[in-house]
Amino acid sequence: MTTRVRFAPSPTGYLHIGSARTALFNYLYARHVGGKFLLRIEDTDIARSTEESTRSILDGLAWLELEHDEEIVFQSDNADKHRSAARKLLAEGKAYRDFTPKAEPTDQNVKEGIAERARANQGVKNMRDNPYRDLSANESDARAAAGEPFAIRLKVAEHGRTAFDDAVYGIQEREYADTEDLVLLRSDGHPLYNLAVVCDDIEMQITHVIRGQDHLTNTHKQILIYEALGVTPPTFAHLPLIMAPNKGKLSKRKHGEVVSMTTYRDAGFLAAAFRNFLALLGWSAGEEQEIYSLEELIQKFSLEGIHRSNAVFNFHESDPRKWTDDKAIWMNAEYIRTMPLEDLLPFVKPELKTAKLWREEYDDDERGWFERTIDLIRQRFFTLKDFSAQGRAYFSEDYDFDAAAVEKNLVKFPDLRSWLPELADRFEAEFEKQRYTEENIETVVKSFTEEKGTKLGVIMNGARTLLTGVAVGPSMLAVFETIGLEKTIMRLKSQVAWNAVA
RNA sequence: GACCGGUUCGUCUAGGGGUUAGGACACCGCCCUUUCACGGCGGCAACACGGGUUCAAAUCCCGUACCGGUUACCA
């Protein structure tokens, strides 16, 4: 039988980092075994589901390049099937109508309310004490025919237990007594999650359900539904959860943008790098390798390598340089500086375009220069954004001067205000006679430095600040050459940075 | 509260009876150097606790603590 897995997000927000990892693991598993990776949008919560959210999730998956097979299934389209499954169980006596009026929602926090009620019921709650559980079929039918509203609940047996062998957590068992007669169909005819999931997974012929550990206990309820429906349950594999630095829940509300996939796309992350990072959050191939191509991940992925303990997504809200997990940033930088240049260029181009720094010549006459420049400056960059921010001076005359750089490299050496324009004149004179190459530049700058009786670093760093606006970057000789003679002369003579501090 | 699960450096993790408990990120130091967030070398830093079992326990068993999940006519 072909392996079929699915990623089934509910469209109530953007693609969360935890969901993204669930999607990735499903994808990797499917590709590893040569199976199908399906997508199902669980949009049955009409009140909270939005089309915008669906689009955002699809965008996130597309960005991560997790292509699904077959048509996307929208759970809401299957509501009739879910209802008929509930009616079938009702007809077979495996479910019953519950005429208890629907409880009014309390104004307090839902979760708290549930926990509180459970605590109050402590020791006295019998999961089988519903007065309608054993109502005769005739009476039940009569009341329903009379128009009395009812929910349909699964009739869970009194004695026994559910059991399944989770591919990650091992054998899981639960006494029936700990599971209530769960509602299958709401009194307004709306199918509930557990029923819908089971019906759809059956319909889609899902063989492996790989999802968050928050569903581990729900699984027992779903097993009960599978059994009532007479279908063999699929294999389950539950994933450890991704937590906030305080080991609490990672939520949009509390943590904002850091948990959204689109944030990473917009912040200049490479999908390959982020995927790599995500893959290592809760899974390991049992070796010391850290950088994996998609192909390697697919080849090495296994359910056995998934961990059982939750992982912390380690970001620092107060530190802008560590706004997200250190390792994710490091990995992105690692990809940027080590991936084949030709693979990187297609990502740099749109970044420069967005920043209005792109020129068609870079694809044409100046392609050689462009490639060398990108290769030169990528060494110290973390994200694609750096190409248009820190790298701006390589592509435009309109760039800012970093205050700290100006302070450190210019203000401290007032002589530079006349020396650097002087160096520009020297360049102008010298490079009329000889070629503007790193080697020749070095000779000229060195002799200029000696004449002034200063240190090479003073001249170089002053020039760096004027030429690039920042204090960090590649070898200055390479920078001089890359910026080009004409612009170098112009920038060395410019008083803009000096005027700004005056 | 009940049920279920988890616990190795700050973080991600390797290791599943005998290891100087390994790697990565972060951090610190040194080197390279005209700067640096590149690179090289090095350092700091962990088996939650208590009992067992065993010649031997991070590893197996039990308990405790702590953390997490679930406990809806949400998904």
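Going by the structure above, here's the rest.
Every value quoted in this text rests on a predicted model; they were computed, and no experiment measured them. (Residues numbered from 1 in each chain as written. Chains lettered and ligands numbered in written order. Predicted model: local features only at pLDDT ≥ 70, side-chain atom pairs only at ≥ 80, totals over all residues. Heavy atoms only, no water.)

(A) Representation of the overall build of chain A in the model. Counting secondary structure elements, chain A contains 22 helices and 12 strands. Since a compact globule built from 502 residues should have a radius of gyration of about 23 Å, the 32 Å found for chain A marks it as more spread out than a globular shape. Once the C-alpha set of chain A is aligned to its principal axes, its extents read approximately 105 × 50 × 40 Å. For chain A, the proportion of its 502 residues judged to be buried stands at 49%. (Helix = DSSP H or I, 4+ residues; strand = E, 2+ residues; numbered from the N terminus. Rg over C-alpha atoms; globule rule 2.2 N^0.38 Å. Buried < 20%, exposed > 50% of the residue type's maximum accessible area, 1.4 Å probe, protein only.)

(B) The packing of aromatic side chains, seen in detail. Counted according to the given criterion, the structure contains 29 aromatic pairs. Judged by centre distance (5.8 Å) and plane angle (90°), the ring pair of phenylalanine 269 and phenylalanine 274 falls under edge-to-face. When sorted by exposure, phenylalanine 269 lands in the same class as phenylalanine 274, which is buried. Relative to phenylalanine 401, the ring of tyrosine 399 lies with its centre 5.3 Å away and its plane at 55°, an arrangement referred to as tilted. By relative accessible area, which is 9% here, tyrosine 399 ends up buried. Residue phenylalanine 401 is classed as partly exposed on the basis of its relative accessible area, which comes to 23%. Following the ring pairs from residue to residue traces out a cluster consisting of Trp63, Tyr264, Phe269, Phe274, Phe277, Phe313, Phe315 and Trp323. When the ring centre of phenylalanine 99 is taken as origin, the NZ or CZ atom of arginine 143, which lies over that ring, is 4.9 Å away. (Phe/Tyr/Trp six-rings, centres within 6.5 Å; stacked < 30°, edge-to-face > 60°. Lys NZ or Arg CZ within 6 Å of the ring centre and 35° of its normal.)

(C) Region of the structure containing helix H2 (residues 51-63). The end-to-end C-alpha distance of H2 is 18 Å, a good match for the 18 Å that 13 residues give at a rise of 1.5 Å each. Restricting attention to buried positions, one finds in H2 the residues Ser53, Thr54, Ser56, Ile57, Gly60, Leu61 and Trp63. Buried positions along H2 lie against strand S1 (4-7), helix H1 (17-33), strand S2 (36-41), strand S3 (73-74), helix H9 (261-266) and helix H10 (271-279). (Expected span 1.5 Å × (residues − 1). Contact = heavy atoms within 4.5 Å.)

(D) Unusual backbone geometry, seen in detail. Although it is not a glycine, glutamine 205 sits at a positive phi angle of roughly 55°. Tracing the chain through its elements places glutamine 205 in the loop between helix H6 (193-203) and strand S9 (208-212).

(E) Structural view of helix H19 (residues 456-468). Taking 1.5 Å of rise per residue, the 13 residues of H19 would be expected to cover 18 Å, and the 18 Å separating its terminal C-alpha atoms lies within 8% of that figure. Along H19, 10 of the 13 residues are buried, which leaves the element largely enclosed by surrounding structure. By the burial criterion, the buried members of H19 are Val458, Ile459, Met460, Gly462, Ala463, Arg464, Thr465, Leu466, Leu467 and Thr468. Where the residues of H19 are buried, they touch helix H16 (403-411), helix H17 (416-433), helix H18 (438-452), helix H20 (476-483), helix H21 (485-493) and helix H22 (496-501). One or two steps after H19, the chain reaches glycine 469, where phi turns positive at roughly 80°.

(F) Molecular detail of the pairing of strand S6 (residues 161-166). The alternating pattern of S6 places Thr162, Phe164 and Asp166 on a buried face, while none of Arg161, Ala163 and Asp165, on the opposite face, is buried. Pairing of S6 with strand S7 (residues 170-175) involves 6 bridges; the strand directions are antiparallel. Looking at the pairing, arginine 161 lines up with glutamate 175 of S7. Linkage of S6 to S7, two consecutive antiparallel strands, is achieved through a turn of 3 residues. (Pairing = 2+ DSSP bridges.)

(G) Summary view of the pairing of S1. Burial along S1 is two-sided: Arg4 and Arg6 facing one way and Val5 and Phe7 facing the other are all buried. With H1 bridging S1 and the parallel S2, this β-α-β connection has right-handed handedness. (Right-handed = clockwise from strand over helix to strand, strands pointing away.)

(H) Representation of the nonpolar core. Counting residues in each nonpolar core, the largest one holds 132 residues, and the members touching the most others are Leu184, Phe274, Phe313, Ile374, Phe387, Phe427 and Phe480. With 9 residues, H1 is the largest single contributor of residues to this core. Once you skip the residues sitting within four places of it in the chain, phenylalanine 427 turns out to touch Tyr436, Ile441, Val444, Val445, Phe480, Leu485, Thr488 and Ile489. (Core = buried A, V, L, I, M, F, W, Y, C linked by side-chain atoms within 4.5 Å.)

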